[in-house]
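Structure assessment
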Amino acid sequence: MDLIAQLEAEQIASLGKDVPDFKAGDTIRVGYKVTEGTRTRVQNYEGVCISRKNGHGIAGSFTVRKISFGEGVERVFPLFSTNIDSITVVRRGRVRRAKLYYLRTRRGKSARIAEVANYKPKAGAQA
């Protein structure tokens, strides 16, 4: 393991976050810490993960798209952000590409993603 990967692994271990195994096409619920004045609360943001950038490293991020009041809303979350309380996989999607940007132009039934019926987690992945 080279020095940069080793330092990155140490930083991820020091954060102590458990990131579930998810990919583009999965519907996920992100619990995001929102600060309003002096109070903080956790707000859930649920939608389809349309992309992941920089893999599973410390600089990784993912984009979640949801439909809010008939309008498509996308949000980019850093994978190891301190503001992320939890990431939950709601359902696994069966897709054939890594970036699902084509969903931006789709509406209704054509924007649906088939669900994976026989999902098996990878050997080295956390559940």
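Residues numbered from 1 in each chain as written. Predicted model: local features only at pLDDT ≥ 70, side-chain atom pairs only at ≥ 80, totals over all residues. Heavy atoms only, no water.

Quick word on the overall build of the protein
For the protein, the helix and strand inventory stands at one helix and five strands. In the protein, the order of α-helices and β-strands from amino to carboxyl end is α-β-β-β-β-β. Based on the C-alpha atoms only, the size of the protein along its principal axes is roughly 45 × 45 × 25 Å. By residue count, 30% of the 127 residues in the protein fall in the buried class. The contacts of the protein with a sequence gap of at least 6 include a subset with a gap of at least 24, amounting to 54%. (Helix = DSSP H or I, 4+ residues; strand = E, 2+ residues; numbered from the N terminus. Buried < 20%, exposed > 50% of the residue type's maximum accessible area, 1.4 Å probe, protein only. Contact = heavy atoms within 4.5 Å.)

Observations regarding the packing of aromatic side chains
Counted under the stated rule, the structure contains four aromatic pairs. Ring centres of Y45 and F77 lie 5.7 Å apart, and the angle between their planes is 70°; this geometry places the pair in the edge-to-face category. Of this pair, Y45 sits in strand β2 (residues 39-53) while F77 sits in strand β4 (residues 71-78), and the two are 32 residues apart along the sequence. By the ring-pair criterion, three or more aromatic residues cluster together here, those being F22, Y32, Y45, F62 and F77. One residue, R52, lies across the ring of F22, its end atom 4.4 Å from the ring centre. (Phe/Tyr/Trp six-rings, centres within 6.5 Å; stacked < 30°, edge-to-face > 60°. Lys NZ or Arg CZ within 6 Å of the ring centre and 35° of its normal.)

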